[in-house]
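Analysis of the macromolecular model
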Amino acid sequence: MKSKIESLLKAAVAHLQAAHQLPSELSPTYQIERTRDKQHGDFASNLAMMLAKPAGLKPRDLAQQLVNALPADPAIQKTEIAGPGFINFYLQDGSQYQIVPQILSQGAKFGHSKVGAGQYIQVEFVSANPTGPLHVGHGRGAAYGATLANLLDAVGFRVHREYYVNDAGRQMNILATSVWLRYLELCGVSFNFPSNGYKGGYILEISQAVLNQAGQTWLRSVEAVFQDIPADEPAGGDKEEHIDSLIERAKQLLGKDGYKVFFDAALDSILGDIRDDLREFGVEYTEWFSEMSLTDSGSVQRAIDRLQTNGKLYEKDGAIWFRSTEYGDDKDRVVARDNGQTTYFASDIAYHMNKFERGFDRVINVWGADHHGYIARVKAALSALGYDPEKLTVLLVQFAILYRGGERVQMSTRSGSFVTLRELREEVGNDAARFFYVTRKSEQHMDFDLDLAKSQSKDNPIYYIQYAHARVCSILKKAAAESAPWDRESGLAHLHLLDNDYEQGLLNQLAKYPELLERAALQYEPHQLAQYLRDLAGEFHSWYNAHKVIIEDANLRNARLTLSEAIRQVINNGLTLLGVSAPESM
RNA sequence: GCGCCCGUAGCUCAGCUGGAUAGAGCGCACCCCUCCUAAGGGUGAGGCCACAGGUUCAAAUCCUGUCGGGCGCACCA
């Protein structure tokens, strides 16, 4: 409907331009919105106010000219000029009912569109280091990224969902070494565990698994392990030097194959756990992209060479630096350390180069808000490589703060007392977790009330929406049981009987759904869909309480059953995009 | 100190990419099931949209500054 009105207005503008009443070089943006108040008709446009100045006319006078030039259309009953110069459109009586047969015939596809025009878009999200289980912070990124990808899919983009696996680099070495050290402890060796090592309980489980499988093959004496290793921090040394030396010692004592046993055991176990966790959370990926593959395939070196060729690198203090300040970054960044090791940032450059080489029309990164400082350097790298940094959008997700019993749940990575995503899912359920995570704007700090997410009452928006869905199912069942089953044809033929304010409001709300989806997708704001569903469920519950559906009058009954089914379909479609189930009974 | 995000009802948050009287839920005070699931509905109170300037026919929305909160500023990942 909006696009129809837009084309009418365009025609009017063109007509006035042809008559030289408007300058010909105008390229206005056509804003047509649904009115909030029925007194202002069904749709309104502010076009006359926007064009008043360039046209040299008073807004209301221009509005009058536009209205005069507007082609007649059967769907428009009348237009009015109101307020400072709004053009209000009143739809032909009866047109509001058209949405119902549309919903019924399109079913699960209702609301989908083609605005994405098949553009190839990558959404990279979560990408947590495989050094431990996902925690509740990652959960928000997962829910947000997955829902965003679903939305983009629904409006016609070709979506590639990707998880970047940081399986290379120092943290992985610390992890592998930690597993080996725990293994040594299980073999009865006694020593002080490095303060910078990974201490979570899951490490011990991996060590135990290696022990079960390989026996004491990789047991080395405490003397061999710790001889000439610089002191750890509690002993007055440097914890970084300490752990780095232990990593080297592990590689040396275990050999390439032995070290790989621990490295792979750690990676496979933790990454496997992350995959299971996300799958159970309803999050699926097109691709799990390995950082190691970038090094192995020479992409990292290739990216560095390309920057070198473009004159964007220089050497200082033995390290190789990238001139990111040329592109607005705060300072230049190191891509290769003085010990020859390439940095994490170098991998990141190669990864983003790879993304662009794969030919995505658009690339979206969903990052934790604590990474915002990296945006400038990554975009700088893209520019320096000769790509358009505008094609990359980085969306930041703020952390969620958990509350239980009105108290903030304390979390800290250092003490290991963080709440895992799995614990959250087990406590509140997948549906509530998925929904709660996306009810707020992603860049908004969020309070996650665990008690509310668990409560089974109208206070809990997810139950409230699911209950609306179940209620419709229940009505349809009840109607069939009372030998007054829903007659779809009769219902569609008598939609005009739906004339009270509740029903009119519901029809209007349903008609908004396709526009809502499009906006939520293009603005990358899944929370709009969550809000919408809450509103739709609310209007449905009010109607349900005010008017009975299963009544004697067969025509009105069927019309109401038809409207109910349309509501159910839209709620189902929306919940599906959110990754939330739509139960038939509760 | 510099950069990014955020300040809307007592609380948690929307506010349709600048529009016509600022919305919802919770909480609070009342009310509604011989009636399709009360896991629901209704009524009421509650706001100088942090503050000060500016742009505009029009600002919660855009710009500048101030104050307040969060997060970043490694040859770590």
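This structure is a prediction, so every number in the text was calculated from the model and none was measured. (Residues numbered from 1 in each chain as written. Chains lettered and ligands numbered in written order. Predicted model: local features only at pLDDT ≥ 70, side-chain atom pairs only at ≥ 80, totals over all residues. Heavy atoms only, no water.)

Side note on the sheet that holds strand β15 (residues 446-449)
One open sheet accounts for 3 strands, arranged β14-β13-β15; its pairing is mixed. Edge positions in the open sheet fall to β14 (407-408) and β15, since each of these has one partner strand only. Where strand β13 (residues 400-404) meets β14, 2 bridges bridge the pair, whose relative direction is antiparallel. Within the sheet, the bridge partner assigned to Arg404 lies in β14 and is Glu407. (Pairing = 2+ DSSP bridges. Helix = DSSP H or I, 4+ residues; strand = E, 2+ residues; numbered from the N terminus.)

Some details on the sheet that holds strand β12 (residues 392-397)
The strand order across the open sheet formed by 5 strands is β7-β6-β5-β11-β12, and the pairing between neighbours is parallel. One side of each edge strand has no neighbouring strand; the edge strands of this open sheet are β7 (287-290) and β12. Sheet twist, expressed as the average angle between the axes of neighbouring strands with direction ignored, equals 25°. When strand β5 (residues 120-124) meets strand β6 (residues 158-165), the two strands line up parallel, connected through 5 bridges. Directly across from Glu124, in β6, lies its bridge partner Glu162. Each of β11 (362-368) and β12 is contacted by helix α13 (residues 375-385), which is oriented at about 170° to β12, the strand it contacts most. (Axes fitted to C-alpha atoms, helices over the stretch in contact; angles between N-to-C directions. Contact = heavy atoms within 4.5 Å.)

Focus on the protein's contact with RNA strand B
Inspection of the region around RNA strand B gives 65 residues, with Asp37, Arg337, Tyr374, Lys458 and Arg471 positioned closest. Within 4 Å of the protein, the contacting atoms of RNA strand B are 63% sugar and phosphate, with bases supplying the remainder. Contacts to RNA strand B include Asn88, whose side-chain N or O atom sits 2.9 Å from a base nitrogen. One of the side-chain nitrogen or oxygen atoms of Lys331 is found 3.1 Å away from a sugar or linking oxygen of RNA strand B. Contributing elements (two or more residues each) for the surface near RNA strand B: α2 (47-55), β4 (86-91), α6 (170-186), β9 (319-322), β15, α17 (461-481) and α20 (527-546). Of all the elements, α17 adds the most residues to the surface near RNA strand B, at 8 residues. Of the residues that constitute the surface near RNA strand B, the class distribution is 22 nonpolar, 21 polar and 22 charged. (Near = heavy atom within 4 Å. Polar contact = N/O pair within 3.5 Å; in protein donor to acceptor, adjacent residues only side chain to side chain. Nonpolar A, V, L, I, M, F, W, Y, C, P; charged D, E, K, R; others polar.)

Some points on the packing of aromatic side chains
Here the structure, examined in full by the defined rule, presents 21 aromatic pairs. Ring centres of Tyr120 and Phe360 lie 4.6 Å apart, and the angle between their planes is 45°; this geometry places the pair in the tilted category. Placement of Tyr120 in strand β5 and of Phe360 in the loop between α12 (344-357) and β11 is noted, with a sequence separation of 240 residues between them. A residue is classified by how much of its surface remains accessible, and Phe360, at 4% relative accessible area, is buried. On the basis of an interplanar angle of 25° and a centroid distance of 4.6 Å, the ring pair of Tyr163 and Trp288 is categorised as stacked. Of this pair, Tyr163 sits in strand β6 while Trp288 sits in strand β7, and the two are 125 residues apart along the sequence. Look at Tyr163 and you get buried, because its relative accessible area is 0%. Through pairs of rings, three or more aromatic residues link up here, namely Phe125, Tyr163, Tyr285 and Trp288. Between Arg182 and the ring centre of Phe193, over which it is positioned, the NZ or CZ distance is 3.8 Å. (Phe/Tyr/Trp six-rings, centres within 6.5 Å; stacked < 30°, edge-to-face > 60°. Buried < 20%, exposed > 50% of the residue type's maximum accessible area, 1.4 Å probe, protein only. Lys NZ or Arg CZ within 6 Å of the ring centre and 35° of its normal.)

Structural notes on the domain arrangement of chain A
Taken domain by domain, chain A comprises domain 1 (2-93), domain 2 (99-114 + 457-578) and domain 3 (170-280). Computed from C-alpha coordinates alone, the two centres of domain 1 and domain 2 are separated by 32 Å. (Domains from an automatic or database assignment.)

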